[in-house]
Amino acid sequence: PESAIAWSDVMVDIEETETTAVALYPNPTNGEVYIQTEGLRRVSVFNIQGQMVYDVETRDDALTLDMTRFDSGIYLVNIIAKEGKTTRRVAVMH
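As the structure is a prediction and not an experimental result, all values here were calculated from the model.

Reading the values: the criteria
- Residues numbered from 1 in each chain as written.
- Predicted model: local features only at pLDDT ≥ 70, side-chain atom pairs only at ≥ 80, totals over all residues.
- Heavy atoms only, no water.
- Phe/Tyr/Trp six-rings, centres within 6.5 Å; stacked < 30°, edge-to-face > 60°.
- Buried < 20%, exposed > 50% of the residue type's maximum accessible area, 1.4 Å probe, protein only.
- Pairing = 2+ DSSP bridges.
- Helix = DSSP H or I, 4+ residues; strand = E, 2+ residues; numbered from the N terminus.
- Axes fitted to C-alpha atoms, helices over the stretch in contact; angles between N-to-C directions.
- Polar contact = N/O pair within 3.5 Å; in protein donor to acceptor, adjacent residues only side chain to side chain.
- Core = buried A, V, L, I, M, F, W, Y, C linked by side-chain atoms within 4.5 Å.
- Contact = heavy atoms within 4.5 Å.
- pLDDT = per-residue confidence, 0-100.

A short note on the packing of aromatic side chains
Here is step 1 of the chain: In total, this model carries two aromatic pairs according to the counting rule given.
Here is step 2 of the chain: Ring geometry for Phe70 versus Tyr75: centroids 5.2 Å apart, planes at 35 degrees, classification tilted.
Here is step 3 of the chain: Given the relative accessible area of 8%, Tyr75 is considered buried.

A closer look at the sheet that holds strand 7 (residues 84-92)
Picture the strands of a sheet paired through backbone hydrogen bonds; they go either parallel or antiparallel.
Here is step 1 of the chain: The strand order across the open sheet built from four strands is 4-3-6-7, with neighbouring strands paired in antiparallel fashion. Among the strands making up the open sheet, the edge pair consists of strand 4 (52-57) and strand 7. Going across the sheet, the axis of each strand differs from the next one's by a mean of 15 degrees, ignoring polarity.
Here is step 2 of the chain: For strand 3 (residues 40-46) and strand 4, the ladder comprises five bridges, and the chain directions are antiparallel. Looking across to strand 4, one finds that Ser44 is bridged to Asp55.

A short note on the side chain of Thr87
Here is step 1 of the chain: In this fold, Thr87 is placed in strand 7.
Here is step 2 of the chain: Taking relative accessible area as the criterion, Thr87 reaches 15% and is therefore assigned buried.
Here is step 3 of the chain: At 3.3 Å, the side chain of Thr87 and the side chain of Asn78 are in polar contact.

Description of the pairing of strand 5 (residues 62-66)
Here is step 1 of the chain: Burial along strand 5 is one-sided: Leu63 and Leu65 are buried, and none of Ala62, Thr64 and Asp66, which face the opposite way, are.
Here is step 2 of the chain: As judged from the five bridges shared by strand 2 (residues 32-36) and strand 5, these two strands associate in the antiparallel manner. Each bridged residue has a counterpart across the sheet, and for Val33 the counterpart in strand 5 is Leu65.

Quick look at the nonpolar core
Nonpolar side chains tend to gather and get buried jointly when the protein is soluble and globular.
Here is step 1 of the chain: Counting residues in hydrophobic clusters, the biggest one holds 16 residues, and the most contacted among them are Ile35, Leu65, Met67 and Val77.
Here is step 2 of the chain: Contributing elements (two or more residues each) for this core: strand 2, strand 3, strand 5, strand 6 (73-81) and strand 7.
Here is step 3 of the chain: When sequence neighbours within four positions are dropped, the list of residues in contact with Ile35 reads Val22, Ala23, Leu24, Val43, Asp61, Ala62, Leu63, Leu65, Val77 and Ile79.

Brief notes about the sheet that holds strand 2
Here is step 1 of the chain: Strand order in the open sheet formed by three strands is 1-2-5, with antiparallel pairing between adjacent strands. Each edge of the open sheet is held by one strand with a lone partner, namely strand 1 (23-25) and strand 5. Across the sheet, the axes of successive neighbouring strands diverge by a mean angle of 15 degrees, strand direction being ignored.
Here is step 2 of the chain: Sheet topology note: the strand 1/strand 2 ladder contains three bridges and is antiparallel. Counterpart to Ala23 in the pairing with strand 2 is Gln36.

A few points about the confidence of the model for the protein chain
Here is step 1 of the chain: Here the protein chain shows a mean pLDDT of 85. Residues at 70 or above account for 79%.
Here is step 2 of the chain: Throughout residues 6-15 the model reports pLDDT below 50, and contacts reaching past four residues in sequence, or to other chains, amount to nine contacts.

Quick look at the structure:
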């Protein structure tokens, strides 16, 4: 029997179980993005090709990301906090 595999260009948004509330706004953005969560430890930004384009460690509960340095498009923001991690999509529009 023949089998076929169909590939799709649709990206599936998978989020880890959040154990703490994360605020990320505004989204979409044409400038800065604000991230707030208790016990924020690290924020990494990946382009749609999976390349890390920004990475920072922090010990604050809030962080401001300057997204003007990135081209327009969709980015994945990986947020690691003391109580867990999550990945959010952010649209950059210039």
